[in-house]
Amino acid sequence: MKIAVTYENGMVFQHFGHTEQFKVYTVEDGKITASEVVDTNGSGHGALAGFLQLRGVDTLICGGIGGGAQMALEGAGIHLCAGVQGAADTAVQAYLNHTLQYVTQAQCDHHDHHGAGHSCGHGGHSCGESCHS
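Note that the coordinates shown come from a computational prediction; the quantities given were computed from them, not determined experimentally.

Definitions and cut-offs
Residues numbered from 1 in each chain as written. Predicted model: local features only at pLDDT ≥ 70, side-chain atom pairs only at ≥ 80, totals over all residues. Heavy atoms only, no water. Helix = DSSP H or I, 4+ residues; strand = E, 2+ residues; numbered from the N terminus. Buried < 20%, exposed > 50% of the residue type's maximum accessible area, 1.4 Å probe, protein only. Contact = heavy atoms within 4.5 Å. Areas by Shrake-Rupley, 256 points an atom, 1.4 Å probe, with all protein chains shown as cover. Core = buried A, V, L, I, M, F, W, Y, C linked by side-chain atoms within 4.5 Å. Polar contact = N/O pair within 3.5 Å; in protein donor to acceptor, adjacent residues only side chain to side chain. Pairing = 2+ DSSP bridges.

Caption draft 1: Looking closely at the overall build of the chain. The number of helices and strands found in the chain is three helices and six strands. Element order for the chain, N to C, with α for helix and β for strand: β-β-β-β-α-β-α-β-α. Counting all 133 residues of the chain, 41% fall into the buried class. Sequence-distant contacts in the chain: of pairs separated by 6 or more residues, those separated by 24 or more amount to 55%. Per element, the accessible surface of the chain, about 6700 Å² overall, is 47% carbon and sulfur.

Right, dumping it as structure tokens:
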């Protein structure tokens, strides 16, 4: 299994379509066996689903994400855990422990109003549902 996290300075980056790096974790028998930070090389939005699929990613953990990118990930067979905040390593461990919490309203809202101060996945609460399906 491979888990990717939108990544910046050790934290879950909050805008999927603008992420410049993913941290990709290899998991065997429920334990992290390897991880690496990979650059997106300027890929954005919909192209990122293919970028992850080519690397064998099964699950994506991210902050905010738009509807088109969600559909692209679904089409690529990648399970999505959106609206996550905090340290990337902590989020992946929580996912593996079946305790990762996420915000159900994680869509980036700036697609409608290109202005400063938008929020990507910052709901300020957790819905209390587990990300595992």
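Caption draft 2: Fine view of the nonpolar core. Membership of the largest hydrophobic core comes to 18 residues, with the highest contact counts inside it found for Phe 16, Phe 22, Leu 52, Leu 60 and Leu 73. Examining the composition of this core, we find that four residues originate from one element, helix H1 (residues 46-54), more than from any other. Within the second largest apolar cluster, 17 residues are counted, among which are Val 12, Val 27, Cys 81 and Tyr 102.

Caption draft 3: Broad picture of the side chain of Thr 59. Its place among the elements puts Thr 59 in strand S5 (residues 59-61). The buried category is assigned to Thr 59, whose relative accessible area is 2%. Side chain to side chain, Thr 59 and Tyr 95 meet in a polar contact 3.4 Å long. Excluding its chain neighbours within four sequence positions, the residues that come into contact with Thr 59 are Met 1, Lys 2, Ile 3, Ala 4, Ile 78, His 79, Cys 81 and Tyr 95.

Caption draft 4: How the structure looks around the environment of Thr 90. Note on placement: Thr 90 falls in helix H3 (residues 88-96). For the pair Thr 90 and Leu 100, spaced 10 residues apart in the sequence, the C-alpha separation amounts to 9.2 Å.

Caption draft 5: Highlighting the pairing of strand S3 (residues 21-28). With five bridges joining them, strand S1 (residues 2-8) and S3 adopt antiparallel strand pairing. Bridge assignment links Thr 6 to a residue of S3, and that residue is Phe 22. Pairing of S3 with strand S4 (residues 31-39), which is carried by eight bridges, proceeds in the antiparallel orientation. Each bridged residue has a counterpart across the sheet, and for Lys 23 the counterpart in S4 is Val 37. What sits between S3 and S4 in their antiparallel hairpin is a turn of two residues, with Asp 29 showing a positive phi close to 55 degrees.

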